[in-house]
Structures are given as C-alpha cells and as structure tokens.
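Descriptive structure summary
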Amino acid sequence: MGTDHTSKIVGTAWGLLILNTLGSTGAETIVPLPRSLIQMVTMGALAVAFTLALAVNPRLRIRASAFVFLLTLLLVPSVISSADLESGFGALFRCARLALFVGTLWLLSRWWDGGLTFVRHHIRMYFAVLASVAAGAVLSPGAAMPELYGGRLVGALWPLTPPQIGQYAAVIIGLAVLLLLGRRTDRGSAAVVIVPALVLLALTHTRTATLGLLIGLVLAIGSLFLTSAAARRFFAWAVLCAAVAAVGFGSALRAWFLRGQSEENFTSLTGRAKVWDALLAAPRTTSEHLFGAGLGDKSFGGLPIDNSWLAVYHEQGMTGVALVAAVIVVLGGVALLRPPSLPRACAIFLISYCAIASYTEAGLGDASPYLLHLAVAASLLAVPAAAPAATAEVPRRPVPRWAQSSEVT
C-alpha cells in the first residue's frame, strides 16, 4: 500500500473519530435532524474509523503509549460501575463505544512519530466543522444565534453548542499560530484559519476556550522563547497589543467576558457550583466511591456537571480520577523532559488547554474531543522509530585457486 494512500486513510479515520465526538445535542438546526439519526451517523463514523484503522494496520502493529495504556485501564472502572445497570443499558453501550474508541487509537498509534501529521489532520477537520457553523450563520442568523443561548453562536446545520464551537476554534487557532511561528506554514494559509476562527470564537462568548487559548499559547510560546526569535517577536507584539486592548477596550472586553450576567451568577460559574456541591454531598457506597455509578451523559440530577474531574468521579469513581490525573501528569512530564521544538510546543498547548478546560467542561473520562486533543499531544511526544541500521558489507577474502575445486586429488 502506497505511503500517500495510507496517509489518506489514516487522515480519514482521524476525521471520523472527530465526527464521532461532535455529539448529538445542541441548538435546533435549520433542517430538523432527529437525534436518532445523528447518533446513527456519529456511531457509524466510529465503526468505520475502526474498520479503516484495522484495514490499514492488519498486522496490528502498535506503538508503546502510556497515554493509550492509561485509557485502556480506564475501561476497567467504567465496566465495573456500568455492569450493575444502575445507569441503564446506555452505560454498557457507552463502555463499548469507549472500547472501540481506544482500540482505534491503538491501531493509529503506529503512525505516531513525533511529527506534525496529526496536527494537520486535526486542523483540517475542525476547520471543516467551523465552516459548517459559519455557513449556518450566513443561511439563518436567527437560528445560529438564538435567544435561548443568549445570542451566542451555535451550530445551525449540525447541533453544536457555543462551548463546543469555542473549543474547536481555540484549538485550531493555537495550533495554526504555532505552525506559523515554526515556519511550517505561510502567513496566508495561517490567516485563512486564524481570522475566521477568531470571529467565531468571539461570537460564542466562550470564556473557558478564550482563557485556554491565551494561557496555552503563553506556555507553548514560552517553551520556544530561548530557541526561536520568531517566538520572542510574537510574544513581544502580543504583550503590546494586550496592553493597548486593556487600556482602550477594557470596558468592552469586560462586558464581553461577563455576557450580561450578574456578579452572583458569574461567581457561581453560571450555576455550576450548585450542581458540584450537590454532587459532592450525595451519599455513595464504597463501590460507587471507588468505581462510580457508570458511564452516563455527564449530568447529575438532570443538570450538566460541566467539570471533567467531578464527572469522572461520579461515573468512574476515584479510580477513574486517578487514571485521568495520571494521563495529564504523564503527558505533561514527558513534554517538560523533551528538548525545545515545535512539536513539543504544540503538545504543551494541547495539554495545558485540556487541563484548563477540564474545570468547566466534561469529557476527559469518555470518548470526547479532549481525548483526541491529548492523543495528538501524545503523537507529538512520541519518539520517532529508529531506522534499521544498514549492514556494512564485509569484504570477502580471496580464495586460493587450489581451494576452489570441490574435489580432492
């Protein structure tokens, strides 16, 4: 199988994984889409992704990966807590989905070589998702920015919430900026990605994505500060522009950040804190404390948990929390031990973004975009496979004429 053909199949499988994690809930779309149809598409995408990964890697050649190994271990508390069906048959279905998701990552890990291939796959697919969001806003501005979401941008063609759109936009903006600083793309190509994504991020009014983007870029560019003149120039210009914006547009930025909320609503994180307190105060058995209540829809009492750590604690217990923490610690530790480079900077951006977003977004314990972001980071931190050493040809000693004959006279 040709290298280009294989790369296209791998990229297609990665895009299908992203399609699977888009979810099936959100705002009403221009053309009503039954939730059952959306779930059929997303789950079908995961099945096809696994099939393609298996077809392109039939000998099951995988790379050692602590990240995917820890995700595999995460299946243990997920299955234990879901087996008693306290959360219904849906919990076992979600376990099967997570197992297929992790299995696909194992199969694709063969191509994790510390290069930027999966970064480009990531940017292309999420840019296509954002293009559908922009198309929906053009076709029906009212449906794309409904009053139900406070006028924030949603997906009008595919049901996407403002936090989802903000997350996708922030991630590809950060990666595109780093590729530009590392001279792996030109300014025109970077602008095509960054400018529209910035507009969509602003329209979503997503504070978590904005903070994750800014802090993640600071950490990533800081890792290049001593070795890249372009990173130092960008950092200096960014500081200058931030200072000017803070002085000239301080009130507008504050209004955008508050989104018209009261101080009480803002300090309670839009009501999240009340759900968190109720979740922590709920009585639990020893089994529920260790392994959770089973994979669910990341809600408690009918309200979204919106915190990865509490969602994992609720569904996979303290065992799940320990494994997810190990994922972040291992990836972060490996990134710190790597020498400065563009792949390392991209990995630091993705890891820090996911760590920051985990405070107000759920997803680190189940198949989600956040696990895909971390998978890209793992691919960037993988050590390239050593090429087989060329065997030097040993010169043959001349054979005497008397020894060349096989007969003895």
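Summary of the structure given here. Every value quoted in this text rests on a predicted model; they were computed, and no experiment measured them. (Residues numbered from 1 in each chain as written. Predicted model: local features only at pLDDT ≥ 70, side-chain atom pairs only at ≥ 80, totals over all residues. Heavy atoms only, no water.)

Attention now moves to the overall build of the protein. Counting its secondary structure elements, the protein contains 17 helices and 2 strands. Across the 409 residues of the protein, 45% fall into the buried class. Partitioning the contacts of the protein with sequence separation of at least 6, the portion at a separation of at least 24 is 76%. With the model as given, the accessible surface of the protein reaches about 20400 Å², and the carbon-plus-sulfur share is 67%. (Helix = DSSP H or I, 4+ residues; strand = E, 2+ residues; numbered from the N terminus. Buried < 20%, exposed > 50% of the residue type's maximum accessible area, 1.4 Å probe, protein only. Contact = heavy atoms within 4.5 Å. Areas by Shrake-Rupley, 256 points an atom, 1.4 Å probe, with all protein chains shown as cover.)

Counting 109 residues, the largest nonpolar core has Trp 14, Leu 17, Phe 67, Leu 105, Trp 112 and Leu 374 as the members making the most contacts within it. Looking at this core element by element, the count peaks at 13 residues for helix α7 (residues 162–181). With residues near it in sequence (within four places) discarded, Trp 112 still touches Arg 63, Ser 65, Phe 67, Val 68, Leu 105, Phe 118, Ala 375, Ala 378, Ser 379 and Ala 382. (Core = buried A, V, L, I, M, F, W, Y, C linked by side-chain atoms within 4.5 Å.)

With the rule as written, the count across this model stands at 5 aromatic pairs. Taking the centre distance of 5.1 Å and the plane angle of 70° together, the rings of Trp 14 and Phe 118 count as edge-to-face. Of this pair, Trp 14 sits in helix α1 (residues 3–20) while Phe 118 sits in helix α5 (residues 117–139), and the two are 104 residues apart along the sequence. Like Phe 118, Trp 14 is buried. Centre to centre, the rings of Trp 276 and Tyr 359 are 5.4 Å apart; their planes meet at 70°, and the pair counts as edge-to-face. (Phe/Tyr/Trp six-rings, centres within 6.5 Å; stacked < 30°, edge-to-face > 60°.)

So, about a nonpolar patch on the surface. The grouping of Ile 30, Val 31, Leu 33, Leu 37, Met 40, Val 41, Leu 139 and Leu 157 at the surface amounts to a nonpolar patch, some 700 Å² of accessible area in total. When you line up the elements, Ile 30 lands in the loop between α1 and α2 (35–56). (Patch = residues over 30% accessible without salt bridge, like charges linked within 9 Å, V, L, I, M, F, W, Y side chains within 5 Å. Salt bridge = Lys/Arg side-chain N within 4 Å of Asp/Glu carboxyl O.)

In this model, helix α17 (residues 369–381) (13 residues) spans 19 Å end to end at C-alpha, consistent with the 18 Å of a helix rising 1.5 Å per residue. Burial within α17 is extensive, with 13 of its 13 residues counted as buried. (Expected span 1.5 Å × (residues − 1).)

As far as function goes, none of this settles anything; it's purely spatial.
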